[in-house]
Amino acid sequence: MDLREKIEAAFSQVPYPGDDAIALHECSECREIRRDFRGQSPWTLNATVLERRYDSLPLLGPHAYQYFLPAYMIYSISHPDSLLAKFTRYSLAPSDFDDHDRQRFELFTTLQKLSIIALLEFIKTHTATWDDGEKQKLYDNLNAGIEIWKSTLKAQQAGPAYPPQSVGSADP
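Digging into the packing of helix H4 (residues 62-78) against helix H5 (residues 83-92)
For step 1, the next point in the chain: Where H4 meets H5, the axes come as close as 9 Å, and the angle between the chain directions of the two elements is 135°. With respect to each other, H4 and H5 are oriented oblique. Like other packed secondary-structure pairs, H4 and H5 cross with a definite hand, here left-handed. Between H4, through Tyr-65, Leu-69, Tyr-72, Met-73, Tyr-75 and Ser-76, and H5, the contact on the second element is made entirely by Leu-84, Ala-85, Thr-88, Ser-91 and Leu-92.
For step 2, the next point in the chain: Residue composition of the contact of H4 with H5, grouped by class: eight nonpolar, three polar and no charged.

This is the structure:
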């Protein structure tokens, strides 16, 4: 099974989030995102909409993020050097991982997380020619993102009692 098929299989059962849950805010940009994504699926969003909304992932509500992310992932496979792929990578491998990211990432299933890790690994080997400094930053960022997703997998497998912030520390 190739990466595209893995993504499709992992995300095929994610329910539509509902029109009102597509975007987080009531600003004009979020209204435009809702207009573009309303009634769509990750499999029906066309390239024109994706290219126009290349930087919209942070503005999607948590369930909409999970629902529409595969469209961004699949586009990134075919266009690894595109602006959309770059912003998808930023979203999946945030340099400032915070509670907002954690809440989103916790929604994903094991198979979805594994497909995201596979995409980040793919990006490491399918990027344009970068100078050495940029390439090292990219690899460091991708590796950090992969570790974030692996840690969410470990937490998911351990169950709700797993305290990720106390791993490696002993209680007195």
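Structural notes on the side chain of Gln-112
For step 1, the next point in the chain: Here Gln-112 shows up in helix H7 (residues 110-125).
For step 2, the next point in the chain: Within polar-contact distance, the side chain of Gln-112 engages the backbone nitrogen of Thr-109 at 2.9 Å.
For step 3, the next point in the chain: Each residue touching Gln-112, except ones within four places of it in the same chain, is listed here: Ala-10, Phe-11, Val-14, Gln-66 and Leu-107.

Structural notes on the pattern of salt bridges
For step 1, the next point in the chain: Overall, the coordinates contain nine salt bridges when judged by the stated rule.
For step 2, the next point in the chain: One salt bridge in this structure joins Arg-34 and Glu-26, with 3.2 Å as the shortest N-O distance.
For step 3, the next point in the chain: For Glu-26, a relative accessible area of 59% translates into the label exposed.
For step 4, the next point in the chain: The residue Asp-99 makes a salt bridge to Arg-102 at a minimum N-O spacing of 2.9 Å. One end of the pair is Asp-99 and the other is Arg-102, both in helix H6 (residues 99-105) and three residues apart, which spans about a single turn.

Points about the packing of helix H1 (residues 3-11) against H7
Two quantities define a packed helix pair, namely the angle between the helix axes and the distance between the axes.
For step 1, the next point in the chain: As a packed pair, H1 and H7 sit with axes 9 Å apart at the nearest point and diverge in direction by 155°. Overall, the two elements H1 and H7 adopt an arrangement that is roughly antiparallel. Judged by the twist between their axes, the crossing of H1 over H7 is left-handed. Contacts between H1 and H7 involve Leu-3, Lys-6, Ile-7, Ala-10 and Phe-11 on the former and, on the latter, Leu-111, Gln-112, Ser-115, Ile-116, Ala-118, Leu-119 and Phe-122.

A closer look at the environment of Leu-142
For step 1, the next point in the chain: Here Leu-142 lies in helix H8 (residues 132-158).
For step 2, the next point in the chain: Given a relative accessible area of 0%, Leu-142 falls into the buried group.
For step 3, the next point in the chain: For Leu-142 and Lys-124, which are 18 residues apart along the polypeptide, the C-alpha to C-alpha distance reads 7.1 Å.
For step 4, the next point in the chain: Contacts of Leu-142, omitting those with residues within four sequence positions, involve Arg-89, Leu-120, Ile-123 and Lys-124.

Observations regarding the packing of aromatic side chains
For step 1, the next point in the chain: Using the criterion set out here, one finds 10 aromatic pairs in the structure.
For step 2, the next point in the chain: Members of the aromatic cluster, joined through ring pairs, are Phe-11, Tyr-65, Phe-97, Phe-105, Phe-108 and Trp-149.
For step 3, the next point in the chain: Positioned above the aromatic ring of Tyr-65 is the side chain of Arg-104, whose terminal nitrogen or guanidinium carbon lies 4.3 Å from the ring centre.

Side note on the environment of Phe-11
For step 1, the next point in the chain: Relative to the helices and strands, Phe-11 resides in helix H1.
For step 2, the next point in the chain: Assessed through its relative accessible area of 2%, Phe-11 is described here as buried.
For step 3, the next point in the chain: In sequence terms Phe-11 and Tyr-67 are 56 residues apart; their C-alpha atoms lie 7.4 Å from each other.
For step 4, the next point in the chain: For Phe-11, the residues in contact, after removing those within four places along its chain, are Trp-43, Gln-66, Pro-70, Met-73, Phe-108, Gln-112, Ser-115 and Ile-116.

Conventions adopted
Residues numbered from 1 in each chain as written. Predicted model: local features only at pLDDT ≥ 70, side-chain atom pairs only at ≥ 80, totals over all residues. Heavy atoms only, no water. Axes fitted to C-alpha atoms, helices over the stretch in contact; angles between N-to-C directions. Helix = DSSP H or I, 4+ residues; strand = E, 2+ residues; numbered from the N terminus. Parallel < 35°, antiparallel > 145°, perpendicular 65-115°, else oblique. Left-handed = near helix turned anticlockwise from the far one by under 90°. Contact = heavy atoms within 4.5 Å. Nonpolar A, V, L, I, M, F, W, Y, C, P; charged D, E, K, R; others polar. Polar contact = N/O pair within 3.5 Å; in protein donor to acceptor, adjacent residues only side chain to side chain. Salt bridge = Lys/Arg side-chain N within 4 Å of Asp/Glu carboxyl O. Buried < 20%, exposed > 50% of the residue type's maximum accessible area, 1.4 Å probe, protein only. Phe/Tyr/Trp six-rings, centres within 6.5 Å; stacked < 30°, edge-to-face > 60°. Lys NZ or Arg CZ within 6 Å of the ring centre and 35° of its normal.

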